[in-house]
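# A closer look at the structure
One-letter residues, chain by chain:
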Amino acid sequence: MGTADRQSGRESGREGAEDGIRADRPVSARVWDYWLGGKDHYEVDRMAGEAVARQVPGIVGAARTDRLFLGRCVRHLAGEEGVRQFLDIGTGLPTADNTHEIAQRVAPDSRIVYVDNDPLVLAHARALLTSSPEGATDYIDADVRDPDRILAGAAATIDFDRPVALMMLALLHLITDDGEARAILDRLVGALAPGSFVALSHACLDVDVTHTAVKAWNESGTPHPLKARTAAEIEALFDGLELLEPGVVSCSRWRPEPNPWGEPQETMTFCGVARKLAA
């Protein structure tokens, strides 16, 4: 499908059933793309994104600080920590500076596996997520609720006997059951070698506007309801791991780039990065 055809499909809300893409309801990856200023979303996603943004003006800023955190995190892990393998689950639609682009600028031999379960993400990933000659990039069509499938598929590209950076940004708040979120993390982290890292970002209830944002999101018609958690609950997701400084903080405040205006403003999305130690 060409660009003009995709745009026509977006405006009309029509999509062929054969590609599995739903344009009759908002999807989190496409709403996120809209907030980031991308072009790969539909009218229903724009409407949902605008409805949430009207009630929560800070939501767009939170999405963008999450994306900037991705860049700083991957640069740190590839550069300072020497990580050469990344498992990015819930990657969303490709945009500027994806995980493999950042990692392979630092270390061209980096190997990256992306995971998502949205058909539009899959179509774009296959076309756009190309690797450097020295490294490798792959994509798995899978749901985070099926970690065994993810691990089996990723093993074709990633050596789990060596350190891996597990990236789960703006994902676990879509797992509303605490026990399920814990079980998913335990299975994935359990497969990682010592010296691996886990990077998470998550909607945080400690910021007042988050309550309004969650309510607006869950009433937007999305099939993916969201559950924000407190900073303490987000920190507990890292139990058994060694949190890097500065711990669990607003994405805007995780190792921010130097600037002349002082500490960045806090946003409703918090994050952290932690190391898996030897048993």
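None of these values were measured; they are calculated from a predicted model.

As a further point, take the packing of aromatic side chains. The full count for this structure, using the stated rule, is one aromatic pair. Ring geometry for F69 against W254: centres 5.4 Å apart, planes inclined by 80 degrees, an arrangement best described as edge-to-face. Highlighted residues: F69 in helix α4 (residues 59–79) and W254 in the loop between β7 (249–250) and β8 (269–275), separated in sequence by 185 residues. In this structure, F69 and W254 share a single accessibility class: buried.

Another aspect to go through is helix α3 (residues 43–55). Helical periodicity: at 3.6 residues per turn, an α-helix aligns residues three or four positions apart in one direction. For α3, built from 13 residues, the straight-helix expectation of 18 Å at 1.5 Å per residue is met to within 8% by its first-to-last C-alpha distance of 19 Å. For α3, the full list of buried residues reads V44, D45, R46, A48, G49 and V52.

The predicted model of the protein chain has a mean per-residue pLDDT of 84, with 82% of residues at 70 or higher. Predicted confidence is poor over residues 1–19, with pLDDT under 50, and the contacts of this stretch with residues over four places away or in other chains come to 20 contacts.

Summed over all chains, the structure comprises 12 salt bridges. A salt bridge links R75 to E257; the nearest nitrogen and oxygen atoms lie 3.0 Å apart. Residue R75 is found in helix α4, and its partner E257 is found in the loop between β7 and β8; the two are separated by 182 residues along the sequence. The class of R75 is partly exposed, set by a relative accessible area of 36%.

Let us look at the pairing of strand β2 (residues 111–116). Most of β2 is tucked away: five of the six residues are buried. Across five bridges, strand β1 (residues 85–89) lies against β2 in parallel orientation. Bridge pairing in β2 links D88 to Y114. In this structure, β2 lies alongside strand β3 (residues 136–141), joined through six bridges in parallel fashion. The residue bridging V113 from the neighbouring strand is D138, located in β3.

Mapped onto the elements, R72 comes out in helix α4. Among buried Asp, Glu, Lys and Arg side chains, R72 stands out as unpaired, with E257 the closest opposite charge at 5.0 Å. Within polar-contact distance, the side chain of R72 engages the backbone oxygen of C251 at 2.7 Å. With residues near it in sequence (within four places) discarded, R72 still touches C251, S252, W254, R255, P256 and E257.

Locating S201 in the fold gives a position in strand β5 (residues 197–203). A relative accessible area of 1% places S201 in the buried class. Engagement of the side chain of S201 in a polar contact is seen with the backbone nitrogen of A170, the distance being 2.8 Å.

A word on the nonpolar core. Among the nonpolar cores identified, the biggest contains 39 residues, and L87, I89, L166 and M168 are the most heavily contacted of them. Among the secondary structure elements, those contributing two or more residues to this core are β1, β2, α7 (147–154), β4 (165–169), α8 (178–190), β5, α10 (231–236) and β8. Looking at this core, the element that brings in the most residues is α8, giving five residues. Those residues within four positions of I89 in sequence are excluded, and the remaining contacts are V115, V144, I150, L166, M167, M168, L169, L171 and L188. In terms of nonpolar packing, the next biggest core, distinct from the first, is built from 27 residues, L77, A78, V83 and C251 among them.

Within β5, seven of the seven residues are buried, which leaves the element mostly enclosed by the surrounding structure. Side-chain alternation along β5 places F197, A199, S201 and A203 on one buried face and V198, L200 and H202 on a second face that is also buried. In the sheet, β4 pairs with β5 via five bridges, with the strands oriented parallel. Paired with L166 across the strands is V198, a residue of β5. Crossover connection from β4 via α8 to parallel β5: handedness right-handed.

Looking now at the environment of A278. When you line up the elements, A278 lands in the segment after β8. Sequence separation between A278 and L241 is 37 residues, and the spatial gap between their C-alpha atoms is 9.9 Å.

Criteria and thresholds
Residues numbered from 1 in each chain as written. Predicted model: local features only at pLDDT ≥ 70, side-chain atom pairs only at ≥ 80, totals over all residues. Heavy atoms only, no water. Phe/Tyr/Trp six-rings, centres within 6.5 Å; stacked < 30°, edge-to-face > 60°. Helix = DSSP H or I, 4+ residues; strand = E, 2+ residues; numbered from the N terminus. Buried < 20%, exposed > 50% of the residue type's maximum accessible area, 1.4 Å probe, protein only. Expected span 1.5 Å × (residues − 1). pLDDT = per-residue confidence, 0-100. Contact = heavy atoms within 4.5 Å. Salt bridge = Lys/Arg side-chain N within 4 Å of Asp/Glu carboxyl O. Pairing = 2+ DSSP bridges. Lys, Arg positive; Asp, Glu negative; His and termini not counted. Polar contact = N/O pair within 3.5 Å; in protein donor to acceptor, adjacent residues only side chain to side chain. Core = buried A, V, L, I, M, F, W, Y, C linked by side-chain atoms within 4.5 Å. Right-handed = clockwise from strand over helix to strand, strands pointing away.

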